[in-house]
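In case you want the letters, here they are:
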Amino acid sequence: MTHTTCRPTFPSLWDGFFNDHYEPVKRDISPRAKVTDNGKSISVNLELPGVKKEDVKVEVENGVLTISALKKSQKKEESGDIYFNEISYGEYKRSFKLSDEVESGSIDAKLEDGILKLELGKKEKAKPKKIDVK
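Every value quoted in this text rests on a predicted model; they were computed, and no experiment measured them. (Residues numbered from 1 in each chain as written. Predicted model: local features only at pLDDT ≥ 70, side-chain atom pairs only at ≥ 80, totals over all residues. Heavy atoms only, no water.)

**Things to note about the nonpolar core**
One broad rule of soluble globular proteins: the nonpolar side chains tend to lie buried together.
Then step 1. Counting 17 residues, the largest nonpolar core has L118 and L120 as the members making the most contacts within it.
Then step 2. Mapped onto this core, the elements with two or more residues apiece are β2 (41-47), β4 (64-71), β5 (90-97) and β7 (115-122).
Then step 3. Aside from chain neighbours lying at most four places away, what touches L118 is I42, S43, V44, N45, L46, V58, L65, I67, D108 and A109. (Core = buried A, V, L, I, M, F, W, Y, C linked by side-chain atoms within 4.5 Å. Buried < 20%, exposed > 50% of the residue type's maximum accessible area, 1.4 Å probe, protein only. Helix = DSSP H or I, 4+ residues; strand = E, 2+ residues; numbered from the N terminus. Contact = heavy atoms within 4.5 Å.)

Below, the structure written as structure tokens:
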């Protein structure tokens, strides 16, 4: 009877470091977000590094805010071999369910320094109406 010990093997961090040529990887990316409420509006900031404003799409449908953007691969001729490249490209996509207090027709979007800044206006709360008794 032969006894075999199985041990998991993990590749070394440096395996293939100087032998393989790395290309950017295309994948879907969920951007990090920061959401704040100042009482009058809700601010949504999303990290979209390397994305141009013409490649950003903001939509509201059935009470869901969806932000998508495309980071395109940049093919540049470089002198020398690429030993390591973690820069990726692909589609950013993130959706948020909007509360009933958000006015979907009152959304402003601005892309600045790799941050998409959205301001979502809130609906005016219904004020109590005083009824005169006659």
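**Describing the sheet that holds strand β3 (residues 56-61)**
Then step 1. Judged by pairing direction, the sheet is antiparallel, and its three strands sit side by side in the order β3-β4-β5 without closing on themselves. Two strands in the sheet have a free side with no partner beyond their single neighbour: β3 and β5. Here the average twist between neighbouring strands, direction ignored, is 15 degrees.
Then step 2. Relative to β5, β4 is paired through eight bridges, and the arrangement is antiparallel. Within β5, the residue paired with L70 across the bridge is E91. (Pairing = 2+ DSSP bridges. Axes fitted to C-alpha atoms, helices over the stretch in contact; angles between N-to-C directions.)

**A short note on the pattern of salt bridges**
Then step 1. All chains considered together, the criterion is met by five salt bridges.
Then step 2. In this structure, the salt-bridge partner of K57 is E59, at a minimum N-O distance of 3.8 Å.
Then step 3. In this structure K57 comes out as partly exposed when scored by relative accessible area, which is 45%.
Then step 4. With its nearest N and O atoms 3.4 Å apart, the salt bridge here joins E101 to K122. Residue E101 is located in the loop between β5 and β6 (102-112), and its partner K122 is located in strand β7; the two are separated by 21 residues in the primary sequence.
Then step 5. A residue is classified by how much of its surface remains accessible, and E101, at 34% relative accessible area, is partly exposed.
Then step 6. Salt bridges sharing partners connect three or more residues here, namely D37, E101 and K122. (Salt bridge = Lys/Arg side-chain N within 4 Å of Asp/Glu carboxyl O.)

**A few points about the pairing of β7**
Then step 1. The pairing of β2 with β7 spans seven bridges and is antiparallel. Looking at the pairing, E47 lines up with I115 of β7.

**Quick notes on the sheet that holds β6**
Across a sheet, paired strands are connected by hydrogen bonds in the backbone, their directions being either parallel or antiparallel.
Then step 1. Spatially, the four strands line up as an open sheet ordered β1-β2-β7-β6, and their pairing is antiparallel. Of all the strands in the sheet, the pair left with one neighbour each is β1 (33-37) and β6. Between one strand and the next, the sheet's axes are offset by a mean angle of 15 degrees, whatever the strand orientation.
Then step 2. For β1 and β2, the ladder comprises five bridges, and the chain directions are antiparallel. Across the sheet, the residue bridging to T36 is S43, located in β2.

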